[in-house]
Structure formats: C-alpha cells, structure tokens
Amino acid sequence: MRGTETNEDAATLALGALAWVVGDPTRAERFLALTGIDPGELRARAADPAFLAQLLGYLEAHEPDLIACADALGVAPTALVGARMTLES
C-alpha cells in the first residue's frame, strides 16, 4: 500500500499549494484567468488528482511562484515537482 500513501502525501502537498495560490487574491485571479476555470469548478475539482497535478505544473511553469510556494509550505521546490509526477502516474 505504499503507493497509496505516496499519492495521499502528494495530494496533501498539492492541496497546500492550492491553498497558497488561492490565499492571495492577485495570485488567485491570475490562476483563474490563465487556466480558464471559475471558482465553482475550482472547488469541484480540488480533490481530483489530475487537477492537482495540473496546478503543480502551473507553478512549475513560473519558477518564482514555485519557489515562493515551496518556501511557504516549508518544502523544497523539488517536493512539489515530485508530487506532480506522483499525481500524474
């Protein structure tokens, strides 16, 4: 069952990243505008591993956000990258 634990850990980390993104109005507006989703869809998809992987990919695409998010969560940026890879598998 190690794979399940890893997926759960990755999802937990990704949910922390999601909270970081939406915790700042400017950052949240940018995320919604660039992804084309609305707040209702965001809430509906928050537990979807594919969506969480996409969120982490979004952060990876803009290194300053990736680093700032990792700092806020107290993890290395590579942990966020690893979580995305786990969620995609």
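Given the structure is predicted, the values throughout are model-derived calculations rather than measurements.

Thresholds, definitions, all that
Residues numbered from 1 in each chain as written. Predicted model: local features only at pLDDT ≥ 70, side-chain atom pairs only at ≥ 80, totals over all residues. Heavy atoms only, no water. Helix = DSSP H or I, 4+ residues; strand = E, 2+ residues; numbered from the N terminus. Polar contact = N/O pair within 3.5 Å; in protein donor to acceptor, adjacent residues only side chain to side chain. Contact = heavy atoms within 4.5 Å. Phe/Tyr/Trp six-rings, centres within 6.5 Å; stacked < 30°, edge-to-face > 60°. Buried < 20%, exposed > 50% of the residue type's maximum accessible area, 1.4 Å probe, protein only.

(A) Region of the structure containing the side chain of Arg 84. You can see Arg 84 is positioned in helix H6 (residues 77–88). Within the structure, the side chain of Arg 84 is placed 2.3 Å from the side chain of Glu 60, a separation counted as a polar contact. Not counting the four nearest positions on each side in its chain, Arg 84 is found in contact with Ala 53, Leu 56, Gly 57 and Glu 60.

(B) How the structure looks around the packing of aromatic side chains. Summed over the entire model, instances satisfying the criterion amount to 2 aromatic pairs. Between Phe 31 and Phe 51, the aromatic rings sit 6.4 Å apart at their centres with planes inclined by 70°, giving edge-to-face as the arrangement. Here the residue Phe 31 occupies a position in helix H2 (residues 25–35), and Phe 51 occupies one in helix H4 (residues 49–60), the gap between them amounting to 20 residues. A residue is classified by how much of its surface remains accessible, and Phe 31, at 2% relative accessible area, is buried. Centroid distance Phe 31 to Tyr 58: 4.8 Å. Interplanar angle 75°. Geometry classified as edge-to-face. In this pair, Phe 31 is assigned in helix H2 and Tyr 58 in helix H4, connecting sequence segments 27 residues apart. Like Tyr 58, Phe 31 is buried. Three or more aromatic residues joined by ring pairs make a cluster, and in this case those are Phe 31, Phe 51 and Tyr 58.

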